[in-house]
Amino acid sequence: MKRKWPLIILGVVTLMLFRFYFSLKYFHVDIWSNAAWGEWIANNGSKDFFYNNVWVYSWPTQLPLINLIYSWCFDLGRYLLIDFIRLGNLMEKLGVGAGVLNEYGKFVTFMGSKYSDEIPFQNVFLFSIKLIPIITDLIIAGIIGLIGKDKKGWLWGLLYLGSPFAWYTSAFWGQYDQLSFLMLLLSILTLKKFRILSPIFMSLSLGVKPTSAIFIPFYLLMMWEERKFWKEYLLGGVLGLGVNLYWVGLFSKEESLINFIRGRLWSMVIDKSEPRVTVNSYNFWHLFLGDKAANPNEFFLFLPYKIWGLIGMIWANIVGIKIYRSKNPLVLRTTFPFTGHNENVWAALSVVGIGCWLFGMNMLERYLFSGVVFGLIGCIFYKKIRWPVILISLMFFVNLYKHWWQPAWFDLLRIFHEEYGLASQILTPMIILVAFGFMIKNLYDKKR
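Residues numbered from 1 in each chain as written. Predicted model: local features only at pLDDT ≥ 70, side-chain atom pairs only at ≥ 80, totals over all residues. Heavy atoms only, no water.

With that settled, consider the overall build of the protein. Counting secondary structure elements, the protein contains 19 helices and four strands. Taken against the 2.2 N^0.38 rule, which gives 22 Å for 448 residues, the C-alpha radius of gyration of the protein at 23 Å falls within 12% of a compact globule. Based on the C-alpha atoms only, the size of the protein along its principal axes is roughly 65 × 60 × 60 Å. Within the span of the protein, comprising 448 residues, buried residues form 53% of the whole. In the protein, of all internal contacts separated by at least 6 residues, the share reaching a separation of at least 24 is 73%. Counting every atom, the protein has about 21300 Å² of accessible surface; 66% of that belongs to carbon and sulfur. (Helix = DSSP H or I, 4+ residues; strand = E, 2+ residues; numbered from the N terminus. Rg over C-alpha atoms; globule rule 2.2 N^0.38 Å. Buried < 20%, exposed > 50% of the residue type's maximum accessible area, 1.4 Å probe, protein only. Contact = heavy atoms within 4.5 Å. Areas by Shrake-Rupley, 256 points an atom, 1.4 Å probe, with all protein chains shown as cover.)

Here it is in structure tokens:
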């Protein structure tokens, strides 16, 4: 292992530099809204945020915690710019060459300048928004390496860092699915030995992205297995709820916090748009609907879509639980010394995450993130699911690329989608469905 450390470090540095470089090259339209929300809170405070009715890009559609993070990024950007300037002064005092100083000066000027006249956010602010998910990528990769430390986990950590869906979500898009997943992962890792912390991490995950809620039934099952420690879980749950309510309270002007949550916050975050069966996702429903905006209350084979979606999500949880609680003597159930978990928990969580995304309603393409990363962790221990999970992760990237079509390196994907629409509608979800089927079949196999 000591001989591999230089290669590991080189791989990590290269993949992180790749992220930093391209984080300044591509910006999804969503980041303009995120930056506007963060700048508004940084300049005006949080109390009037959800009551303001003048927005250039889009109205707030995310929970209080994530909006607070965007405002912290605004301050982080200013501090970064000051540090960049200080570093330049230090370089000048140390006698660094004029050519290097000139290029560095251009970089600092670029970071301090506005993106454009129409989009007047400093580049350093936009970079700071992406910086958090980029650093989160590194932490997730490190945790993956620790989980599989005796089974070449470092290789799977590097594979995660190099996975297109990971760097595309963080460095190119600037989304915060990584941060929500990290909190979810920590809630699982601390569930059996650091019990008070586990519900706090779960509440933070939900506070960043409520899509982590699809794992709550499985999470409660794991908690039930340790029910003799219910007092610690209860204390952690109260603390987690209290922290989230505190952040929500920073945005409320109502006499009752419940009125604010049920009224203004719910309407702006949960009921922000008409629900759809599928939203730009290559899931099961894309086979039948493509990009059609069908309402979940519409009927499909004698039942509303939402009922079929609920059935599919229940089925995914049942399959995941069966895998988790497998008594097959040929499947080793070793435990991790720092978590106390059976190693099949990761594959089981992957089945829940991918299955709920495949059949659930109103699923955006990004909601597949947790299921895929849990699958990569499961690959460390189950060799037979490696190719299905890797194939699903690649199709996940293709799905993320759809409709944004940046960068132009992968323009063949856009051409295929636009020129062969029906083939794209059928082929892409079928690949994921077949790979998922093989994944489940192999998890039930007696041999790894």
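Take the packing of helix α1 (residues 5-22) against helix α6 (residues 153-162) next. Orientation of α1 relative to α6, taken along the N-to-C sense of each, is 15°, at an axis distance of 10 Å. By the criterion of interaxial angle, the relationship of α1 to α6 is roughly parallel. Relative to α6, the crossing made by α1 is left-handed. Contact residues: Ile-8, Gly-11, Val-12, Leu-15, Met-16 and Arg-19 in α1; Trp-154, Leu-158, Tyr-160, Leu-161 and Gly-162 in α6. Looking at the contact of α1 with α6 residue by residue, the classes come out as eight nonpolar, two polar and one charged. (Axes fitted to C-alpha atoms, helices over the stretch in contact; angles between N-to-C directions. Parallel < 35°, antiparallel > 145°, perpendicular 65-115°, else oblique. Left-handed = near helix turned anticlockwise from the far one by under 90°. Nonpolar A, V, L, I, M, F, W, Y, C, P; charged D, E, K, R; others polar.)

Structurally, Leu-65 is set in helix α3 (residues 64-93). With 185 residues separating them in the primary sequence, Leu-65 and Leu-250 have C-alpha atoms 9.9 Å apart. Here Leu-65 is in contact with Leu-204, Gly-207, Val-208 and Trp-247, once residues within four sequence places are set aside.

So, about the confidence of the model for the protein. When pLDDT is averaged across the protein, the result is 88; 94% of the residues are at 70 or more. Across residues 328-335, confidence stays below pLDDT 50; counting only partners more than four residues off in sequence or on other chains, it has 19 contacts. (pLDDT = per-residue confidence, 0-100.)

The next thing to look at is a positive patch on the surface. A cluster of basic residues, Lys-4, Lys-151, Lys-152 and Lys-383, forms a positive patch at the surface. One can find Lys-152 in the loop between α5 (123-147) and α6. (Patch = residues over 30% accessible without salt bridge, like charges linked within 9 Å, V, L, I, M, F, W, Y side chains within 5 Å. Salt bridge = Lys/Arg side-chain N within 4 Å of Asp/Glu carboxyl O. Lys, Arg positive; Asp, Glu negative; His and termini not counted. Charge placed at Lys NZ, Arg CZ, Asp CG, Glu CD.)

What follows covers α3. The terminal C-alpha atoms of α3 lie 44 Å apart, and with 30 residues this matches the ideal 44 Å at 1.5 Å per residue to within 8%. Where α3 ends, the next residue or the one after it, Gly-95, has phi of about 80°, a positive value. (Expected span 1.5 Å × (residues − 1).)

Here the focus is empty space enclosed by the protein. Counted under the stated rule, the structure contains one cavity of 30 Å³ or more. One number sums up the size of the largest cavity: a volume of about 100 Å³. Lining the largest cavity, in full, are Asp-177, Ser-180, Phe-181, Lys-209, Thr-211, Ser-212, Ile-214, Phe-215, Arg-366, Tyr-367, Phe-369 and Ser-370. Those elements giving two or more residues to the lining of the largest cavity turn out to be α8 (177-189) and α16 (369-379). Considering each element in turn, the lining of the largest cavity owes the most residues, three residues, to α8. Here the lining of the largest cavity is composed, by residue class, of five nonpolar, four polar and three charged. (1 Å grid on protein atoms, 1.4 Å probe; cavity = no way out; pocket = protein on both sides within 12 Å on 5 of 7 lines; lining within 4 Å. Points joined across faces, edges and corners; volume = space filled by probe spheres on them.)

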